[in-house]
Structures are given as structure tokens and as C-alpha cells.
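# Breakdown of the fold
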Amino acid sequence: MSYAKVLSVGLVGVTGHLVEVEADLSPGLPALVLSGLPDTALHEARDRVRAAITNSGQRWPGQRITVNLLPATLRKTGSAFDLAIATVLLGGAGELALAAFDGVALLGELGLDGTVRPVRGALPMVAAAARAGITRVVVPFGNAEEAAVVPGIEVKAVDTLHRLVAYVRDGEELLDPPAPRAEAPPDGPDLADVAGQALGRRAIEVAAAGGHHIALLGPPGAGKTMLAERLPSILPELDDEAALEVTALHSIAGVLPPGGRLLRRPPFQAPHHTATVQSLVGGGSGLARPGALSLAHRGVLFLDEAAEFTGRSLDALRQPLEMGRVLLRRANGGTEYPARVQLVLAANPCPCAKPAGDAFCECSPQVRRRYLGRLSGPLLDRIDVQVTLTPLGAAELMAVGTPGEPSAVVADRVAKARAAAVARWSARGWRANAEAPGPALREQPWRLPASDTLALRQRLDHGSLSARGFDRIVRMAWTIADLDGRHRPDKEDIAEATQLRTGVSP
Ligand SMILES: Nc1ncnc2c1ncn2[C@@H]1O[C@H](COP(=O)(O)OP(=O)(O)O)[C@@H](O)[C@H]1O
Ligand SMILES: [Mg+2]
Ligand SMILES: [Zn+2]
């Protein structure tokens, strides 16, 4: 009877946990029993490991083998335990000395032929190993580049099980990760391309500075898509913690761009209105894939032609948007991924997509109301900035090609405004004005003087403004003051905020 143990890492949501993989070999009918709450993928692991070991020219131990993954209470998904299972088996059978893997975590899926295949989520797995004090990991060569992004841990890679065996037995070298590539990722589109459109430019600047959700309404050709795509270009870079979280989510989805760097720019996701609910919110078998909502975490989720999304899709987005995270229900428990996004929604005012008042638009007022009404309950209610854009006039059109204010200049103002908001709210745990709850804004010391809010309060009394709308306007007014470097919003800020909310001055 013999016993062996190696380390691996399992993922729960975006968080990795060390997993001990132990093997016990005893005389008896040859069999391999896996235990420790394995899911279907782990049962498949049994067949892969067996084939990979024999096809790597190793002897399959003719004993009763029990492989146990600890802690038993941790739910384990995915195929990343294969390499550790194969290694511990060979170790337990006395075929491989495991001293070389003391305090080393092993990750990787095995192909039937003994190749070691990349897995999704290698980055958060390696980050967890580093946090747990592990100083060395062995990962699939296909994951080595992303694993090497994690500081404070040595990354070695293998392409085949045979290479791992040859390393232990014959002292052959493991592989090193490729050197990180120096070149910066290509920049996205710049605001300099947008001529005129003062209202639209101002709206996305305010949205960026306060972290406000924004709706861009207006006829085709008004520049809604163009503006939305430029929002990331004026948002501040992600801090270390956010960058690691965002990169981890992209790693779990298997969509990390090559280059071996943390994602530093806020992500931008623009799912098409025909996208499935699963691709929006996440799901799938094995290790659940984050959807567009989670891939946009700490960045922008852009719903273009928002009124064309199905009711089911819009419904599925509602709760995650409110909670800032997605709970995916699965056969054996739930998986949770973060999903704190800035929502940008673009929509035409009517289903025929002809400009309002256009001679060809024959949509009745009811049809038009119903069209946008689909958005109002679930989404529009949560959106601070709502502007209606008009296509460029003749004079502005002539100016197309003359560069507008570039993104870098706007981003600078946005960064300063964000810093002011952080200084004001950080003690309460809010990172942007959009996160400040309405009641807090109505209490001292933040309550604005009655003389400044008079017009708003009158509209509240007349019923032309809801209490929610009142809070949203005040919230935006703070952002406008922050952009202007003032300590408190004044009457003019409130007037501008009202315009960014309702299209009319109070
Ligand atoms: N303000 C603008 N400055 C420069 N080009 C513009 C502007 N507005 C619209 N355009 C041009 O019109 C095209 C359509 O704009 P788009 O953003 O797709 O409009 P929408 O999404 O509102 O239908 C753009 O690709 C761009 O070429
Ligand atoms: Mg468009
Ligand atoms: Zn119409």
C-alpha cells in the first residue's frame, strides 16, 4: 500500500483555492476511484489520465487506486486537475519521485495522447497559489504567458506529460514562459473623430467622470454608436486590484489577448441584440464561462439598438446590473462572477429607425412609446444620463475631418473629477458619484442649499419629476462640479444636470 500527495488549484467563481490531490494504492482489483465531490468533468478526467499515462509510455499501476481531492467541501469543476492526478498516480505507484514537487502546484488538462492542454482560468489559479505562499507552479505551455503575469511566483511549463516525467527522472528541463511582448495594445477609437455634437460629448464626459449609466437616444446616423465606442478612451486605467480581477475573468472565459500582460484598460463589451442569454450573463458546462456582463466588469457594457434586445435578455440583465454580480445557477450549486459595469444604451426613438418627424416615419405615437417603453422598467430607470442626440447640422457636417477635442484631454478632466469623488466618498466605500445613494445626498453635510434646488423641488411637487429623478439630477450635478474643480454643485450645475437627464431645463 502506498500514498502520495501533490497540490493543484480549484476555482470557485474568480477565486482560486489550493486543492490537495492524494492517491492511495492498495492491492485489489485494478480500478481508479475518484472522490472529493468531482463533477462530470472529473469522471472524464479518469479516462483522460489513464490514456495519457499509457500513451506516454508509462506503466498503468495494476492496483486499486483511490484519488481524493481535498478539501472535500470545495466544489471542483473543470479539467485542470488532470496533470496533478496523473502525477500523484505515478508517484503513488513508485514510478516517479515526487520530492521535486514539494510545495509546487500543478495545473493542466491532459489529452489522450499525453499532451498537456491549456485550461481556462490559469491566471486566477496561479494568483491564488501565489497568495497561498506557493513559490512555483507547473502549468500547460499554452497558459505560461498569462501565468507569468502573476508576480511573486516562478512559472514553469510543460507541453506533454512525458516532459514532466523526463524532468523528474532524467533531469531534463521544464519549459520557460515566453518573454512578455513589449508593444502596447492598439488604442481604441478617439473622440477627436467626433465633430460637433456638443451635447453627446458632454454627456459621455459626465458619465465617465461620475461612473453614471448613460442612454443615448436619437435617430440613425446621430452618432450614438460612435460616441459609445469612445467612452473607454476617456475612462481612467484600472488599478492593480481591478486589473487582476478583469484579467482573471477574461482568463476564465478563455479570451485573454496574447501578450502576457494584465488588462489595464477598462473593458468594452458590445453584445449584439441577437446574443443568447447565456452569452450575455454567462454559463455553460464545466467551468462556467463569464458572459458579456462579467467580461465588461469594471468597464463598459454597451447595448446598441437596445430596444431590439428580447425581453428575456433585458430581464436577465436587470438583477446582475443592480447587484454588480451574476449568479449562475448550476446543477450542483451556483457560480458567482463579478459584473460591476457602466451601462451604455443606444436606441432609436421608433422601430422603423427613421428620424422623428421624418416624412417616411409612419410610426404612431403609441408605437413609438411602446418601443422605448420596453426599456423603461428594467433599464432606463437606473440610468442617470439620458440624452437625445440629433444628427449633425450642415455647418457641423462641414467640420467633419477637423479634429474635435481628443480623448486624452477629456480623460485628464475625467481623472481629476474621479479623484475628487473618491476623496469625498471613500470613507463611505463609494468609488464614484453614481454609487452615492440618494438619501446620502439629501443629508448633511452633502445636502444642497434650498435656494439651489428650488426649481427641482417645484417640479417634484408638480409631479413632473420623480423622487428618483431628483436624486439622479443631484448626483450628476456633483459630477459636473467635480469636472469643474469646485467643491459643491451650484444652481447652474443643477440646471445642466437636469438637461442631461430630461433634455429640458428646470
Ligand atoms: N459627430 C460626428 N462626427 C463625425 N462623424 C459623424 C458624426 N456623427 C455621425 N457621423 C458619421 O455617421 C456615421 C454613423 O454614426 P453612428 O454612430 O453609427 O450613428 P448612430 O449609431 O446614431 O446610428 C458614423 O460612422 C460617422 O461616419
Ligand atoms: Mg448605431
Ligand atoms: Zn418610425
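The protein chain carries the name AAA+ ATPase domain-containing protein in an unreviewed UniProt entry, which gives Phytohabitans rumicis as its organism. You can read under Sequence similarities (unreviewed entry) in the UniProt record for the protein chain the words "Belongs to the Mg-chelatase subunits D/I family. ComM subfamily."

Glancing now at the overall build of the protein chain. The helix and strand tally for the protein chain stands at 18 helices and 18 strands. Relative to its 506 residues, the protein chain shows a buried fraction of 51%. In the protein chain, once contacts between residues fewer than 6 apart in sequence are set aside, the share between residues at least 24 apart is 72%. When the accessible surface of the protein chain is totalled, it reaches about 22000 Å², and 54% of it is carbon and sulfur. If you average the places of the 54 positive and of the 54 negative side-chain charges in the protein chain, the two averages end up 6 Å apart.

A word on the sheet that holds strand S17 (residues 342-347). In spatial order, the strands read S11-S14-S17-S10-S18; together these five strands make up an open sheet with parallel pairing. Only two strands of the sheet have a single partner each, and these edge strands are strand S11 (268-269) and strand S18 (385-388). Relative to S17, strand S14 (residues 300-303) runs parallel, the two being bridged by four bridges. Residue phenylalanine 302 lies in a different strand from S17, and its bridge partner there is valine 344. Set on the sheet, helix H6 (residues 198-210) makes contact with strand S10 (214-217), S17 and S18; between it and S18 the angle comes to about 170°.

Contact pair helix H2 (residues 82-92) / helix H5 (residues 161-170): the axes reach a minimum separation of 11 Å and the direction vectors enclose 40°. Viewed along their axes, H2 and H5 adopt a mutual orientation that is oblique. In this structure, H2 meets H5 at a crossing whose hand is right-handed. On H5, the residues that touch Leu83, Ala86, Thr87 and Leu90 of H2 are Leu161, Leu164 and Val165.

This paragraph deals with helix H12 (residues 365-376). With twelve residues, H12 ought to run about 16 Å at 1.5 Å a step, and its terminal C-alpha atoms sit 16 Å apart, in line with that. Those residues of H12 that sit buried are Tyr371, Leu372 and Leu375. Projection of H12 onto a plane perpendicular to its axis shows the buried side chains occupying an angular sector of 75°, all on one side. Exposed positions of H12 whose direction lies more than 90 degrees from the buried face are Pro365, Arg369 and Arg370. Contact partners of the buried residues in H12: S10, helix H11 (311-323) and S17.

Attention now goes to the site of ligand 1. Close to ligand 1 lie 13 residues; Ala195, Gly221, Lys224, Thr225 and Met226 are nearest. Between alanine 222 and ligand 1, the recorded distance is 3.2 Å, taken from a backbone N or O atom to an oxygen atom. In this structure, an oxygen atom belonging to ligand 1 sits 2.8 Å away from a main-chain N or O atom of methionine 226. Out of a free accessible area of 560 Å², ligand 1 has 68% covered by protein chains.

In the structure shown here, the tally under the stated rule is 28 salt bridges. Two residues, aspartate 240 and arginine 264, come together in a salt bridge whose shortest N-O distance is 2.7 Å. Highlighted residues: aspartate 240 in helix H8 (residues 240-253) and arginine 264 in the loop between H8 and S11, separated in sequence by 24 residues. The salt bridge partner of aspartate 471 is arginine 442, with a shortest N-O separation of 2.7 Å. With aspartate 471 in helix H17 (residues 467-483) and arginine 442 in helix H15 (residues 438-442), this residue pair connects regions lying 29 residues apart in the sequence. What makes aspartate 471 buried here is its relative accessible area of 9%.

Negative phi is the rule for most residues except glycine; trans is the rule for most peptide bonds. For the bond from leucine 70 to proline 71, the omega torsion is 0°, close enough to zero to count as cis. Counting through the fold element by element, proline 71 comes out in the loop between strand S4 (64-70) and H2. Cis geometry is adopted by the peptide bond preceding proline 445, which originates at glutamine 444 and carries an omega value of 0°. Even without a glycine there, the phi angle at arginine 298 is positive, about 65°. As for its placement among the helices and strands, arginine 298 is situated in the loop between helix H10 (292-295) and S14.

Cut-offs applied
Residues numbered from 1 in each chain as written. Chains lettered and ligands numbered in written order. Predicted model: local features only at pLDDT ≥ 70, side-chain atom pairs only at ≥ 80, totals over all residues. Heavy atoms only, no water. UniProt positions renumbered as here; feature names shortened; annotations may be inferred. Helix = DSSP H or I, 4+ residues; strand = E, 2+ residues; numbered from the N terminus. Buried < 20%, exposed > 50% of the residue type's maximum accessible area, 1.4 Å probe, protein only. Contact = heavy atoms within 4.5 Å. Areas by Shrake-Rupley, 256 points an atom, 1.4 Å probe, with all protein chains shown as cover. Lys, Arg positive; Asp, Glu negative; His and termini not counted. Charge placed at Lys NZ, Arg CZ, Asp CG, Glu CD. Pairing = 2+ DSSP bridges. Axes fitted to C-alpha atoms, helices over the stretch in contact; angles between N-to-C directions. Parallel < 35°, antiparallel > 145°, perpendicular 65-115°, else oblique. Left-handed = near helix turned anticlockwise from the far one by under 90°. Expected span 1.5 Å × (residues − 1). Arc of directions from axis to C-beta. Near = heavy atom within 4 Å. Polar contact = N/O pair within 3.5 Å; in protein donor to acceptor, adjacent residues only side chain to side chain. Salt bridge = Lys/Arg side-chain N within 4 Å of Asp/Glu carboxyl O.

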